Amino acid sequence: MEKKLFINKPFRYRYFYATAIIVALNVLVFLAGAVNPRIYMYIQSLGGLSVTGCFHYHFWWQPVSYMFVHANWSHLIFNMLGLLCFGFIVERTIGSFEFLLFYFVCGIFDGLISLLMYRLLGVNTLLVGASGAIYSILLMYAVLFPRSIIRIWGIIPVPAPVLVLLYAVVEIVSQFFGQAGVAHLTHLTGFVMAFIYILIRMRVNPVKVWIEAYRRR
């Protein structure tokens, strides 16, 4: 039997609704800021991820805290719906401990890579939201359930791997021609980090999974 490296050692399976806990924390942080404009300002400036915050003021917690800070109600609701739709089933499939490791490794590296790129480009954008980690969850979902059909707007049926590809194309185009202030780079990094995580830790090639899944049809 092939001996597994430490990085590949699986957790003992447990399920304790980590997705619900993450959603609750995001909602609580947002509600805390909604109570008072001054509190909202502090949460954004201290919790959001920025070049100034990390490199000038040494707010080293920001690569973690930015995932729990959202700009407005629509930003929060959109992200939490994505987390609820895909997070629960991914967590139940791989276990809560693996899910938490995956979520935070991808989310933190999404933030760090975006931060380094912003610094190189001389951009001091305030990065907030869990969308990078949620894009990682979407890719994990597409690997776990490659034949799954997702209905866009509840109408248009799209296979999960195709949806990942479509989102990736949209984010690449939007990075160069899209709306300012939307962290397309972080979304793309979410896909890349999930791919690397699955390839290294789980020793599964997502592309091979998708090819095999549709070769059998």
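Since this is a predicted model, take the numbers as computed values, not measurements. (Residues numbered from 1 in each chain as written. Predicted model: local features only at pLDDT ≥ 70, side-chain atom pairs only at ≥ 80, totals over all residues. Heavy atoms only, no water.)

(A) Highlighting the overall build of the protein. Counting secondary structure elements, the protein contains 10 helices and two strands. Taken against the 2.2 N^0.38 rule, which gives 17 Å for 217 residues, the C-alpha radius of gyration of the protein at 18 Å falls within 12% of a compact globule. Across the 217 residues that make up the protein, the buried fraction comes to 43%. Long-range pairs, those at least 24 residues apart, make up 74% of the contacts in the protein between residues at least 6 apart in sequence. Here the protein displays about 12400 Å² of accessible surface, and carbon together with sulfur accounts for 71% of that area. (Helix = DSSP H or I, 4+ residues; strand = E, 2+ residues; numbered from the N terminus. Rg over C-alpha atoms; globule rule 2.2 N^0.38 Å. Buried < 20%, exposed > 50% of the residue type's maximum accessible area, 1.4 Å probe, protein only. Contact = heavy atoms within 4.5 Å. Areas by Shrake-Rupley, 256 points an atom, 1.4 Å probe, with all protein chains shown as cover.)

(B) Expanded view of the packing of aromatic side chains. In total, this model carries 14 aromatic pairs according to the counting rule given. A ring pair is formed by Phe86 and Tyr141, whose centres lie 5.1 Å apart and whose planes are at 65 degrees; its orientation type is edge-to-face. With Phe86 in helix α5 (residues 73-94) and Tyr141 in helix α7 (residues 131-144), this pair connects stretches of sequence that are 55 residues apart. Across the pair, exposure class does not vary: Phe86 and Tyr141 are buried alike. Every member of this aromatic cluster is reached through a ring pair, and the members are Phe68, Phe99, Tyr103 and Phe104. Against the face of Phe55 rests Arg119, its NZ or CZ located 4.0 Å from the ring centre. Of note, Arg147 hangs over the ring of Tyr214, and the distance from its end group to the ring centre comes to 5.5 Å. (Phe/Tyr/Trp six-rings, centres within 6.5 Å; stacked < 30°, edge-to-face > 60°. Lys NZ or Arg CZ within 6 Å of the ring centre and 35° of its normal.)

(C) Up close: the nonpolar core. By size, the foremost hydrophobic cluster in this structure holds 47 residues, and its most contacted members are Leu83, Phe99, Tyr103, Ile137 and Leu139. Elements with a contribution of two residues or more to this core: α1 (18-35), α3 (51-56), α5, α6 (96-121), α7, α8 (160-177) and α9 (184-200). With 10 residues, α7 is the single largest residue contributor to this core. When near neighbours in sequence (up to four residues on either side) are disregarded, Leu83 contacts Thr19, Ile22, Val23, Phe88, Phe99, Tyr103, Ile134 and Ile137. (Core = buried A, V, L, I, M, F, W, Y, C linked by side-chain atoms within 4.5 Å.)

(D) Just the environment of Ala213, in detail. Here Ala213 lies in helix α10 (residues 206-215). Assessed through its relative accessible area of 3%, Ala213 is described here as buried. Apart from residues no more than four positions distant in its own chain, Ala213 is found in contact with Pro146 and Arg147.

(E) Representation of a nonpolar patch on the surface. Side chains of Ile21, Leu25, Leu28, Leu31, Trp73, Ile77, Leu81 and Leu84 sit close together on the surface and give an oily, nonpolar patch of about 740 Å² of accessible area. Every element with two or more residues in the nonpolar patch is listed here: α1 and α5. By the element assignment, Leu81 lies in helix α5. (Patch = residues over 30% accessible without salt bridge, like charges linked within 9 Å, V, L, I, M, F, W, Y side chains within 5 Å. Salt bridge = Lys/Arg side-chain N within 4 Å of Asp/Glu carboxyl O.)

(F) Representation of the packing of α7 against α9 in the model. One can describe the packing of α7 onto α9 by two numbers: an axis separation of 7 Å at closest approach and a directional angle of 45 degrees. When the interaxial angle is binned, α7 and α9 end up oblique. Here α7 runs over α9; the crossing is right-handed. Residue-level contacts link Ser131, Gly132, Tyr135, Ser136, Leu138, Leu139, Met140 and Val143 of α7 to Thr186, His187, Gly190, Phe191, Ala194, Phe195 and Ile198 of α9. (Axes fitted to C-alpha atoms, helices over the stretch in contact; angles between N-to-C directions. Parallel < 35°, antiparallel > 145°, perpendicular 65-115°, else oblique. Left-handed = near helix turned anticlockwise from the far one by under 90°.)

(G) Molecular detail of the pairing of strand β2 (residues 156-159). Alignment of strand β1 (residues 149-152) against β2, held across four bridges, turns out to be antiparallel. For Ile152, the partnering residue across the bridge sits in β2 and is Ile156. (Pairing = 2+ DSSP bridges.)

(H) How the structure looks around the side chain of Asn79. Summarising the element assignment, Asn79 is placed in helix α5. Accessibility expressed as a relative area gives 3% for Asn79, which makes it buried. In contact with Asn79, other than residues within four places in its own chain, are His70, Gly129, Ala130, Ser131 and Ile134.

(I) Summary view of the packing of α1 against helix α2 (residues 37-47). As a packed pair, α1 and α2 sit with axes 5 Å apart at the nearest point and diverge in direction by 135 degrees. In terms of their interaxial angle, α1 and α2 are classed as oblique. Across from Val29, Ala32 and Gly33 in α1, the residues of α2 making contact are Ile39, Tyr40 and Ile43. For the contact of α1 with α2, a count of residues per class yields five nonpolar, one polar and no charged. (Nonpolar A, V, L, I, M, F, W, Y, C, P; charged D, E, K, R; others polar.)

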